[in-house]
2 protein chains.
Amino acid sequence: VQHSRRAFLSLASGLALSGIARPATSSETLPAWLVSYREPSSRLIGAALSDTFAWRRLAELTDTFGPRLSGSPALEDAIRWALRQMRTDGLDHVRGEPVMVTHWVRGEESLDVLSPYPSRVAMLGLGNSVGTPREGIEAPLVVVSGFEELESRRAEVAGSIVLINVPYTDYFSTVGYRTTSASRAGRVGAVAALVRSVGLDGLRTPHTGVTTYQSDGPRIPAAAVSVEDASRLARLAARGPVRLRLVMGAQMLPDAQSSNIVAEISGREKPDEIVVVGAHFDSWDVGTGAIDDGGGCIVTWEALRLMRALNLRPRRTVRLVLFVNEENGLRGALAYRDQHKSELSNHVLMLESDSGVFRPRGFGFTGTPDARDTLESIALLLSHVGADRIGPSGGGPDIGPSVAMAQIPAMSLETDESKYFLYHHTAADTVDKLDALDMARCAAAVAIVAYVVADLPQRLGQPAGTQ
Amino acid sequence: VQHSRRAFLSLASGLALSGIARPATSSETLPAWLVSYREPSSRLIGAALSDTFAWRRLAELTDTFGPRLSGSPALEDAIRWALRQMRTDGLDHVRGEPVMVTHWVRGEESLDVLSPYPSRVAMLGLGNSVGTPREGIEAPLVVVSGFEELESRRAEVAGSIVLINVPYTDYFSTVGYRTTSASRAGRVGAVAALVRSVGLDGLRTPHTGVTTYQSDGPRIPAAAVSVEDASRLARLAARGPVRLRLVMGAQMLPDAQSSNIVAEISGREKPDEIVVVGAHFDSWDVGTGAIDDGGGCIVTWEALRLMRALNLRPRRTVRLVLFVNEENGLRGALAYRDQHKSELSNHVLMLESDSGVFRPRGFGFTGTPDARDTLESIALLLSHVGADRIGPSGGGPDIGPSVAMAQIPAMSLETDESKYFLYHHTAADTVDKLDALDMARCAAAVAIVAYVVADLPQRLGQPAGTQ
């Protein structure tokens, strides 16, 4: 989707007038303690929605540096760029916090049918997979419909390249085939594991993602094939013997030096109490990591940029953390937890965006009922951007370790994720799939939640009147 | 889409009972001369719709041999397979008719952004393009919005790799950018031409297709980039200078020996009068050429197979012609015209399927009003398969030269083409995009038209009572 600035501004002002499909919240319906937040919220929404800045910044990031796999020069160059931009934005305490990250490289890779007739298969090696010998692995194909058949046909599977061909239903039901097939297939003697891509039907589009080896089992190469190719291999195998050659130059190199990106709006009264907003800055090495999770980085970053631009400095500190190595190591998440262990008890709230910055719907939240009550009131301010639902559970992979260690209230931005798993971990994860106005809405929603929670007289979840 | 045979049969029989969304045509509403065709038409529909044979045959062809580019061993092997299958089907006069075809090969190819920051672009060289030197072509990028800007910025374009970045509206309005950009850009001094893919928005999916050099101009390499990459290159160029390297190993080799595939149901009374049904057997070298045009080949072939299986032998000959080299030479079409010149005046009708075998709608027809009247009556028999519309114009690239030479009445199968240009000339042109029941409907529709026209007492377009 392309956006002319003019059409956008006219749309944005039209929406400001019309209130976007939700009735405007009048001050009378707000709890008394929230009324004073109406004005800064309106300014945050106005500043976000009257510009395509977030989309353009994401386009600049992803157009220029492309994908940002942990250990790659592009990730480090993009981190330097982001730190420079944050200083230009006037954010406080901008810094990289050192993290040693997983350094996996894909290398050249291919999968060919050798017989009954030579042809090429659309595939992507799975992240963290071992490679094949240089000349590849040649073996017969065995296709199974799941782990039960993998076990029951183990005599045939031994020595084969096995395709675990499970149709996608939803991500959380099928991602386990991607993460565990290599270990399970290796254990029954397969020489390589293929999985049907975990994602919505695409256009011959393989989806990568991490695979995990159990420490006590064999490590065999693992790759995803496109939905079309999985079906084709299954039909070929049903007609007769199929022989494949898999070549994967994948390698796990020694850990590499990288950084979590941190920047703040320092609190004016209680700078040691902290509201964290964040996302992950690394991506897979296909596409440009715009949806997963460049967009999340930009909209959480926008929350701070907008506060700074509008000179809104809350009582507590709002801290932006852009984590590294979420995709294939989670080292950024663990490093943040460990490096900030002593101040985790001062973390009032942690909020992550890692499900795409499509049209916002609201936030998931995990925390005490009192904190939820407060957030549901704050959400009244988000009706203008359509983000006023507070769902039953919040969190995210990057804030997860800190949240778990210190029982920190946790939120996640929720959006229209209907197409998220069409693009997820594919070459099609590019900025054009995101809409500038929806990104602006996401940024405004994150900014308002972060600002109000950081500015409340009492700490989130504490009774009003307490400090 | 996967089809279990059982679900399919139950669906097909349900549809036979319900008459699919169109009222059943009772014999009373048919013209008297058509009534006797009701019974064979019902048998053709019944035989087609009670089986997934057409889809399975297309799957076997495309799964096994993959794409069938002119000059490739896969095309010749697939031709031999088809000839064997046709003999097994019991068709008459099965033969290959020799054709010398264009022999273009793609070779290795890539397009990289060198600066402002290195990254890879999703591209496909255009068919019949010249290659680059082995080390590629390095040049600055110039992006233009059309041919007018190409001319007005010729000073900048000279020495550049130019991207002609015209958004897709519909195929016939935009395909000219693909076919002529290389010549036009070469004429103003560009060293290579890129076009925005001519097709619906995909998933980082470049669309190949033929480009044509004017005989008196320079020949520069030409490639299509995905819609996403075209937009990205345009944004990069708007931000500052961009330098690219294009590598294309494309080569035009000497013409290769190939064949049109011909098979018949010989007419029982007038075997010298001929109804041709056909499609093109070659494809581009990406995807597996299932939609363009393997499906057309199978459904026209099915028309003959079904007649033979049901022992329906019309008065005239029904001839299947599967043309080669439609995509990048049209040599099969020209060879058929030239080799059959003496009998073109005996061609009663030529029918081509080259727009995908999705749910059928009917046929386009070009011919005399009398012939149209007859076909509109015959179409009454097609209401059960939803193919009873006779549209204003028929024809096709393969039958075109013969039709033009001898003013032969011309038909084209028309289907729901809404997704045709999503898959067209891409890696996603695979059999799973086609539905077995829709293919069966297409086959039945082609079979009925071919059978009735071939069997009418009078020649199509002649008054009843004449012979």
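What counts, and at which threshold
Residue indices begin from 1 for each chain and proceed along its sequence in written order. Think of it this way: whatever chain is written first is A, whatever ligand is written first is 1, and the rest follow in order. Only residues with pLDDT of 70 or above have their local features reported here, since the model is predicted, and side-chain atom pairs are shown and tallied only from 80 upward, although totals for entire chains, interfaces and linings are computed over all residues. Only hydrogens and water are set aside when side-chain values are computed; all heavy atoms of the structure are taken into account. Least-squares fitting of one copy onto the other uses the C-alpha atoms of those residues that reach a pLDDT of at least 70 in both copies. Residue contacts are defined here by distance: any two heavy atoms, one from each residue, within 4.5 Å place the two residues in contact. A quick way to say it: buried area is the sum, across both parts, of accessible area lost when two parts are put together, with a 1.4 Å probe. We count a salt bridge whenever a side-chain nitrogen from Lys or Arg sits within 4 Å of a carboxyl oxygen from Asp or Glu. Whenever a nitrogen or oxygen atom comes within 3.5 Å of another N or O atom, the pair is scored as a polar contact, on the condition that within protein one atom can donate a hydrogen and the other can accept it, and that pairs from neighbouring residues in sequence are kept only if both atoms are in side chains. A run of H or I in DSSP counts as a helix once it spans at least four residues, and a run of E counts as a strand once it spans at least two, with each numbered from the N terminus. Here the term buried applies to any residue with accessible area under 20% of the maximum for its type, exposed to any over 50%, and partly exposed to those in between, with areas from a 1.4 Å probe on protein chains only. Any two strands are treated as partners once DSSP identifies two or more bridges connecting them. What counts as a ring pair is set by centres within 6.5 Å for rings of Phe, Tyr and Trp (its six-membered ring), and what kind of pair is set by the plane angle: stacked under 30 degrees, edge-to-face over 60, tilted for all other angles. As used here, the term nonpolar core means buried Ala, Val, Leu, Ile, Met, Phe, Trp, Tyr and Cys residues forming a set that is joined through side-chain atoms within 4.5 Å. Helix axes are fitted to C-alpha atoms over the stretch in contact, other axes to C-alpha atoms as well, and angles between N-to-C directions run from 0 to 180 degrees. How far a helix is expected to stretch is found by multiplying one less than its residue total by 1.5 Å.

Visitor: So what's going on with the relation of the copies chain B and chain A? Residues and values would help.
Guide: At an RMSD of 0.0 Å, chain B and chain A line up after a rotation of 180 degrees and a shift of 0.0 Å along the axis. The operation mapping one copy onto its partner corresponds to a two-fold rotation axis. Residue Leu203 of chain B, judged by its C-alpha, is the member of chain B lying nearest the rotation axis, at 3.2 Å. In this assembly, 100% of the residues forming the interface of chain B have copies in chain A that are likewise at the interface, indicating an isologous arrangement.

Visitor: Pulling in residues and values, what's your account of the interface of chain B and chain A?
Guide: Contact with chain B, which involves 31 residues of that partner, is made by 31 residues of chain A. Buried surface at the junction of chain B and chain A, summed over both partners, amounts to about 2,600 Å²; 56% is from carbon and sulfur atoms. At the boundary of chain B with chain A, the tally comes to six salt bridges. At the boundary of chain B and chain A, one finds 14 residue pairs in polar contact (both at pLDDT 80 or more). Elements that contribute at least two residues to the side of chain B that touches chain A include exactly α3 (53-65), α4 (73-89), α8 (227-239) and α13 (420-423) of chain B. Looking at the side of chain B that touches chain A, the element that brings in the most residues is α3 of chain B, giving seven residues.

Visitor: Please give an account of the pattern of salt bridges that cites residues and values.
Guide: Under the definition given, this model contains 68 salt bridges over all chains. Note that Asp89 of chain A is salt-bridged to Arg57 of chain A, the shortest N-O span being 2.7 Å. With a gap of 32 residues between them, Asp89 of chain A in the loop between α4 (73-88) and β1 (92-105) and Arg57 of chain A in helix α3 (residues 53-65) connect regions that are remote in the sequence. Overall, the relative accessible area of 15% leaves Asp89 of chain A in the buried class. A salt bridge links Arg316 of chain B to Glu273 of chain B; its shortest N-O distance comes to 2.7 Å. In this pair, Arg316 of chain B sits in strand β12 (residues 316-323) while Glu273 of chain B sits in strand β11 (residues 270-280), placing the two residues 43 residues apart along the sequence.

Visitor: Break down the pairing of strand β9 (residues 243-248) of chain A for me, citing the residues and quoting the values.
Guide: Residues and elements named next belong to chain A. The side-chain alternation of β9 yields one buried face, formed by Leu244, Leu246 and Met248, and one unburied face, formed by Arg243, Arg245 and Val247. One ladder, built from six bridges, connects strand β2 (residues 109-115) with β9; its direction is antiparallel. Residue pairing in the sheet places Glu109 in a bridge with Met248 of β9. Pairing of strand β5 (residues 137-144) with β9, which is carried by four bridges, proceeds in the antiparallel orientation. Its bridge partner lying in β9, Pro140 is registered against Arg243.

Visitor: Go over the pairing of β5 of chain A with me, naming the residues and quoting the values.
Guide: Residue and element names in this part refer to chain A. Taking burial as the measure, the eight residues of β5 include six buried ones, the bulk of the element. Pairing between β5 and strand β6 (residues 161-164): four bridges, direction parallel. Looking at β6, one finds that Val144 is bridged to Ile164.

Visitor: Can you tell me about unusual backbone geometry, naming the residues and giving the values?
Guide: Residue and element names in this part refer to chain A. Cis geometry marks the peptide bond from Ser115 to Pro116; its omega dihedral reads 15 degrees. Looking at the secondary structure, you find Pro116 in the loop between β2 and β3 (119-121). Of note, the amide linkage connecting Asp292 to Asp293 takes the cis form, showing an omega dihedral of 10 degrees. Considering the arrangement of structural elements, one finds Asp293 in helix α9 (residues 290-309).

Visitor: Would you mind going over the packing of aromatic side chains in detail, with residue names and values included?
Guide: Residues and elements named next belong to chain B. On inspection of all chains with the given rule, the structure shows 22 aromatic pairs over all chains. Between Trp81 and Trp301, the aromatic rings sit 6.0 Å apart at their centres with planes inclined by 75 degrees, giving edge-to-face as the arrangement. You can see Trp81 sitting in helix α4 and its partner Trp301 sitting in helix α9 (residues 290-309), a full 220 residues away along the chain. Pair check on accessibility: Trp81 and Trp301 agree, each one buried. Measuring from ring centre to ring centre gives 4.8 Å for Phe147 and Tyr177, while their planes differ by 35 degrees; the resulting arrangement is tilted.

Visitor: Tell me about the nonpolar core, and name the residues and values.
Guide: Grouped together as the largest cluster of nonpolar side chains are 200 residues, with contacts concentrated most on Met86, Phe281 and Phe363 of chain A together with Met86, Phe281, Phe363 and Val449 of chain B. Every residue in contact with Val449 of chain B, bar those within four places of it in the chain, is listed here: Leu349, Leu351, Phe363, Leu375, Ile378, Leu382 and Met411 of chain B.

Visitor: So what's going on with the sheet that holds strand β8 (residues 222-225) of chain A? Residues and values would help.
Guide: Residue and element names in this part refer to chain A. Read from one edge to the other, the open sheet built from eight strands follows the order β3-β2-β9-β5-β6-β7-β8-β4, with strand pairing classed as mixed. Two strands bound the open sheet, and with one partner strand each, they are β3 and β4 (123-125). The mean angle between the axes of side-by-side strands here comes to 35 degrees, regardless of whether they run parallel or antiparallel. Sitting on the sheet, helix α7 (residues 171-187) is in contact with β6, β7 (192-196) and β8, with an inclination near 155 degrees to β7. Relative to the sheet, helix α8 (residues 227-239) contacts β2, β3, β5, β6, β7, β8 and β9, its axis offset from that of β3 by approximately 130 degrees.

Visitor: Describe helix α14 (residues 436-455) of chain A, and please don't skip the residues or the numbers.
Guide: All names here are of chain A. Helix length check: α14 (20 residues) gives 28 Å between terminal C-alpha atoms against 28 Å at 1.5 Å per residue, within 8%. The element α14 is extensively covered by neighbouring structure, given that 20 of its 20 residues are classed as buried. If you check the start of α14, you find a side-chain oxygen 3.1 Å away from the backbone N of Leu437, and it comes from Asp435.

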